[in-house]
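Each chain, written out:
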Amino acid sequence: MSVSPADPALLKAQYRAFAGQLPLMYLVVAANTWLLAWTHFGHAPAWLTLGVPALLTGVCLARCVQWWRGRREEPDASAAHRALVRAGRMAWPVALAFSLWPLLLFPYGDAFLRSHVAFCMATTAAVSQLYLMHVRPAMLTIALVFNGGFILFFAATGEPTFVAMAVSVALMTFVLVTTLLRQYRRFTDLVGSRLRAERLGAENLRLANLDSLTRLPNRRAFFGALVQACERADARGTRLAVGIIDLDGFKPINDLYGHAAGDRLLKQVGQRLSLMASGRIHLARLGGDEFAMIAEDLGGDEAYVAFARSLCEQLRAPFQLEDLSLQVTATIGLVLYPDLACHAEDLYERADYALYHGKRLRRGGVSLFSADHQRRIQHEAAIEQALRSADLEAQLSVVFQPIMCMASGQALAFEALARWHHPQLGQVSPADFIPVAERAGLVHRLTRVLLRKALAEAARWPEPVGLSFNLSIHDLGSSEELERVLETIRHSGVHPARIDLEITETAVFSDMAQLQRAAGQLRGLGCGVSLDDFGTGFSSLSQLLALPLTKIKIDRRFVAGIQDKPTSIKIVRSLLALSRDMELGCVIEGVEAHEELAVLRELGGNLMQGYLFARPMSAEAVARWLARSVPETCQG
Ligand code: C2E
Ligand code: CA
Ligand code: CA
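Note that this is a predicted model, so its numbers are computed, not measured.

### Topic: the overall build of the protein chain
Moving on, step 1. Check the secondary structure of the protein chain and you find 22 helices and 16 strands.
Moving on, step 2. Burial analysis of the protein chain (636 residues in total) assigns 49% to the buried set.
Moving on, step 3. Long-range pairs, those at least 24 residues apart, make up 70% of the contacts in the protein chain with a sequence separation of at least 6.
Moving on, step 4. Accessible surface, the protein chain: about 30,400 Å² in total, of which carbon and sulfur atoms supply 57%.
Moving on, step 5. Once the 64 positive and 62 negative side-chain charges of the protein chain are each reduced to a mean point, those two points are 9 Å apart.

The following block contains the structure:
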């Protein structure tokens, strides 16, 4: 008969249901009391018709006042438990008092008054049992004390009418108690199932916000947390930083060791990151090999950068995947709030922008979004706008830079380089507009025009002179785009063997399989495929072998001032050896000085390109150049 403290939610629901009924129950009980006192007034002594009812009403009133005071409180489970236990305990004396008093009045009345006593008791009992349904012990106490007392008392009178009433009340008690117990069970079931549904909902919400692989908060949770963090920073006038963390060299690991190994690595990265999470540091996985952090309240700007650096440091230690020890670095694009971004979406975009530039310039480090980035964004937005509406046919042109063969002293081929003259923006560098076109998904439109124009010029050159054309990785990303490139070459009148297509290494390895297919098709047509800016990306030797290349182009950063840079000498020497071993041609880019050329020739370099030989020149200048010297064929 006790209230079980087992289920906090049930206790609270029970309390709510019980407390909601309390005043009504006491109102009915007090009204019944005074109605009975009124009919007995003058028949029974005053202490029974006035004193006791006043006392009982006092008890009712005291309970109602108590209820009124606490009506707005939402008690916790233990307070609800205490209140229910108290109600169960109080049921005994209250039931005793309310049943003894009418029975004390009983001897004073005539048949009518005695019937009123019986009627009043029966209705009071029924009403209070109904109202106390949610406090099972109290309801059963009333049944036992009040109804039990009634039945025994009236049965003992021997008066047939009262005996009949006792039997009726016994039957009613049975029906009422069983029905109320059943109702109570239904109530607990209902509360239970609602609770289960709520728990399930909460679990679903938790799962919907969790990345299933790393168990870190996911993208959706990250943006939720970011909005809240911004609100907190606004309210407190503090700063925060958002970092997007991208693993360098993750894709090659996926390609080389398989997706299962990639997943295990991501899991371990997640574990390492979650160790760094705290009340002020939130970490999440946005997808793929991209993670994110929100850092709050760390102090000055330096503290945020230092923390981001320590994150990179943490990830630099090798990861152990069974018998495989792998090392990756992470680049973080970081932006501070509220300096250069003023809402959550801005923050993400800017951190992403800083990351993009960090990836190009300083992998494995922290790239902080700066005012310079801000200006570049605006400039790039202007370029994108202009590109979208530009008359590409009229505004785009190609210039050519010779690729020199040292053995023959002649130009082996000319590399086509894009030029764009826009009426408002003026001359825009391809280093600026090509990346913008790539990101805006416009590059294939440019490639179409540029390739056609370059091929039209090459068609006029003498047979052995080749054309090298830069393709964007986006041109190879889909089979339709690639087909368009192949079509243009087929219809150009230039023999495919004279054409080299240059792909830039940094972008190479996003989708290795597709790239392999595309390069294979270009080779199938008879074209050469060169890997541009070699040495700046992070490709491994095995990946290099996987591509059907014909040439590599050593990036000019290894050439600048090479005569004074032993490291550059070593790099170029090994790249040249590598190309020989792999039977690939090797073009050295960016030769500007005679000192550089001397070193490069000593190292065995044969194909070279750079301002020392010629700057990129117009088609007419190429014609004049070729008129002066007709090149022979040359081996790289
Ligand atoms: P890239 O393919 O590495 O092209 C070589 C860049 O180095 C050219 O810059 C060229 O003018 C410059 N250069 C050549 N010799 C020297 C030298 O001795 N010293 C220095 N400092 N620079 C030298 P440009 O024309 O501004 O092109 C920049 C980049 O834009 C290219 O780098 C290429 O990635 C891209 N690009 C140019 N034209 C096209 C194109 O038609 N399609 C695509 N997808 N990309 C292009
Ligand atoms: Ca190139
Ligand atoms: Ca290059």
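Now that the structure has been shown, we can carry on.
### Quick word on the coordination of the calcium ion (ligand 3)
Moving on, step 1. Taken together, Asp 532 (OD), Asp 533 (OD), Glu 589 (OE) and Glu 589 (OE) make up the protein donors of the calcium ion (ligand 3), found 2.1 to 2.4 Å from the metal.
Moving on, step 2. Along the chain, the residues donating to the calcium ion (ligand 3) fall in the pattern D-D-x55-E.
Moving on, step 3. Between the calcium ion (ligand 3) and the calcium ion (ligand 2), both coordinated by Asp 532, there is a metal-metal distance of 4.0 Å. You can see Asp 532 sitting in strand 13 (residues 528–534) and its partner Glu 589 sitting in the loop between strand 15 (585–588) and helix 21 (594–603), a full 57 residues away along the chain. Here Asp 532 and Glu 589 have matching classes, each one buried.

### Comments concerning the coordination of the calcium ion (ligand 2)
Moving on, step 1. Every protein donor of the calcium ion (ligand 2) is listed here as Glu 415 (OE), Asn 470 (OD1), Glu 502 (OE) and Asp 532 (OD), and their distances to the metal cover 2.1 to 2.3 Å.
Moving on, step 2. Between consecutive donors of the calcium ion (ligand 2), the numbers of intervening residues give the motif E-x54-N-x31-E-x29-D.
Moving on, step 3. Relative accessible area serves as the criterion here: at 0%, Glu 502 is assigned to the buried category.
Moving on, step 4. Its relative accessible area of 5% is what places Asp 532 among the buried residues.

### Structural notes on the site of ligand 1
Moving on, step 1. Residues in close proximity to ligand 1 total 22 residues, the closest being Gln 401, Asp 532, Arg 556, Glu 592 and Tyr 611.
Moving on, step 2. Note that a nitrogen atom of ligand 1 is positioned 2.4 Å from one of the side-chain N or O atoms of Glu 592.
Moving on, step 3. The contact in question runs from an oxygen atom of ligand 1 to an N or O atom on the backbone of Tyr 611, over 2.8 Å.
Moving on, step 4. Looking at the shell around ligand 1, the elements with two or more residues in it are strand 9 (410–422), helix 14 (430–439) and strand 13.
Moving on, step 5. Per-class residue counts for the shell around ligand 1 are 10 nonpolar, five polar and seven charged.

### Points about the side chain of Ser 468
Moving on, step 1. Structurally, Ser 468 is set in strand 11 (residues 466–470).
Moving on, step 2. Residue Ser 468 is classed as buried on the basis of its relative accessible area of 2%.

### A short note on the sheet that holds strand 3 (residues 290–296)
Moving on, step 1. Spatially, 2-3-1-6-7 is the arrangement adopted by the five strands of the open sheet, whose pairing is mixed. The sheet is open, and its two edges are formed by strand 2 (281–287) and strand 7 (366–368), each paired on a single side. Mean inter-strand twist for the sheet, computed between neighbouring axes without regard to direction, equals 20 degrees.
Moving on, step 2. Sheet strands touched by helix 7 (residues 219–236): strand 1 (240–248), strand 2, strand 3 and strand 6 (329–337). Its angle to strand 3, the strand with the most contacts, is close to 20 degrees.

### Quick notes on the domain arrangement of the protein chain
Moving on, step 1. Here the protein chain is described as being made up of domain 1 (8–201), domain 2 (219–369) and domain 3 (391–628).
Moving on, step 2. The distance between the C-alpha centroids of domain 2 and domain 3 comes to 35 Å.

### Some thoughts on the packing of helix 1 (residues 8–40) against helix 4 (residues 111–131)
Moving on, step 1. One way to put it is that helix 1 packs onto helix 4 with a least axis distance of 10 Å and a crossing angle of 175 degrees. Taken together, helix 1 and helix 4 sit at an angle that is classed as roughly antiparallel. Each of Gln 21, Leu 24, Met 25, Val 28, Val 29, Asn 32, Leu 35, Leu 36, Thr 39 and His 40 in helix 1 lies in contact with helix 4, whose residues at this interface are Leu 113, His 116, Val 117, Cys 120, Thr 123, Thr 124, Val 127, Ser 128 and Tyr 131.

### Looking at the pattern of salt bridges
Moving on, step 1. On inspection of all chains with the given rule, the structure shows 26 salt bridges.
Moving on, step 2. Put simply, Arg 232 and Glu 296 hold a salt bridge, and the shortest N to O gap is 2.9 Å. With Arg 232 in helix 7 and Glu 296 in strand 3, this pair connects stretches of sequence that are 64 residues apart.
Moving on, step 3. If you follow the salt bridges from partner to partner, you end up with Glu 415, Glu 502, Lys 553 and Glu 589 in one network.

### Quick notes on the environment of Glu 602
Moving on, step 1. When you line up the elements, Glu 602 lands in helix 21.
Moving on, step 2. Glu 602 gets classed as exposed once you look at its relative accessible area, which sits at 74%.
Moving on, step 3. C-alpha of Glu 602 to C-alpha of Met 133: the two residues are 469 residues apart in sequence and 101 Å apart in space.

### Topic: the pairing of strand 8 (residues 396–405)
Moving on, step 1. Across the 10 residues that make up strand 8, a large majority, nine, are buried.
Moving on, step 2. Bridging between strand 8 and strand 9 involves 10 bridges; their strand directions are antiparallel. When the sheet's bridge partners are listed, Gln 401 is paired in strand 9 with Glu 415.
Moving on, step 3. Remark: four residues form the turn of the hairpin made by strand 8 and strand 9, two consecutive strands paired antiparallel; Gly 409 in that turn has positive phi of roughly 70 degrees.

### A look at the environment of His 474
Moving on, step 1. Among the structural elements, His 474 can be located in the loop between strand 11 and helix 16 (479–490).
Moving on, step 2. Sequence separation of His 474 and Gly 441 is 33 residues, and the distance between their C-alpha atoms is 8.0 Å.
Moving on, step 3. The contact partners of His 474, leaving out residues within four places of it in the chain, are Glu 438, Val 443 and Glu 481.

### Describing unusual backbone geometry
Moving on, step 1. A cis amide bond links Tyr 337 with the next residue in sequence, Pro 338, at an omega value of 5 degrees.
Moving on, step 2. Here Pro 338 is to be found in the loop between strand 6 and helix 11 (344–361).
Moving on, step 3. Positive phi is not limited to glycine here, since Asp 297 has a value of about 55 degrees.
Moving on, step 4. If you check the backbone angles, Glu 583 has positive phi at about 55 degrees while not being a glycine.

### Focus: the pairing of strand 12 (residues 499–504)
Moving on, step 1. Taken across its six residues, strand 12 has five buried, putting it largely inside the fold.
Moving on, step 2. One ladder, built from four bridges, connects strand 11 with strand 12; its direction is parallel. Bridge pairing in strand 12 places Asn 470 opposite Glu 502.
Moving on, step 3. Taking the sense of rotation as the criterion, the β-α-β connection linking strand 11, helix 16 and strand 12 turns out right-handed.
Moving on, step 4. Alignment of strand 12 against strand 13, held across five bridges, turns out to be parallel.

### Comments concerning the packing of aromatic side chains
Moving on, step 1. Summed over all chains, the structure comprises 16 aromatic pairs.
Moving on, step 2. Ring centres 6.4 Å apart and planes at 65 degrees place the aromatic pair Tyr 15 and Phe 18 in the edge-to-face group. One end of the pair is Tyr 15 and the other is Phe 18, both in helix 1 and three residues apart, which spans about a single turn.
Moving on, step 3. When the ring of Tyr 184 is compared with that of Phe 187, the centres are 6.4 Å apart and the planes differ by 35 degrees; the resulting orientation is tilted. Here Tyr 184 and its partner Phe 187 are both found in helix 6 (residues 160–208), three residues apart, which amounts to about one turn of the helix.
Moving on, step 4. With a relative accessible area of 16%, Phe 187 lands in the buried category.
Moving on, step 5. Put simply, the rings of Phe 106, Phe 150, Phe 153, Phe 154 and Phe 162 pair up and form one aromatic cluster.

What counts and how
Residues numbered from 1 in each chain as written. Chains lettered and ligands numbered in written order. Predicted model: local features only at pLDDT ≥ 70, side-chain atom pairs only at ≥ 80, totals over all residues. Heavy atoms only, no water. Helix = DSSP H or I, 4+ residues; strand = E, 2+ residues; numbered from the N terminus. Buried < 20%, exposed > 50% of the residue type's maximum accessible area, 1.4 Å probe, protein only. Contact = heavy atoms within 4.5 Å. Areas by Shrake-Rupley, 256 points an atom, 1.4 Å probe, with all protein chains shown as cover. Lys, Arg positive; Asp, Glu negative; His and termini not counted. Charge placed at Lys NZ, Arg CZ, Asp CG, Glu CD. Donors = N, O, S within 2.8 Å, 3.2 Å for Na, K, Ca; no water. Near = heavy atom within 4 Å. Polar contact = N/O pair within 3.5 Å; in protein donor to acceptor, adjacent residues only side chain to side chain. Nonpolar A, V, L, I, M, F, W, Y, C, P; charged D, E, K, R; others polar. Pairing = 2+ DSSP bridges. Axes fitted to C-alpha atoms, helices over the stretch in contact; angles between N-to-C directions. Domains from an automatic or database assignment. Parallel < 35°, antiparallel > 145°, perpendicular 65-115°, else oblique. Salt bridge = Lys/Arg side-chain N within 4 Å of Asp/Glu carboxyl O. Right-handed = clockwise from strand over helix to strand, strands pointing away. Phe/Tyr/Trp six-rings, centres within 6.5 Å; stacked < 30°, edge-to-face > 60°.

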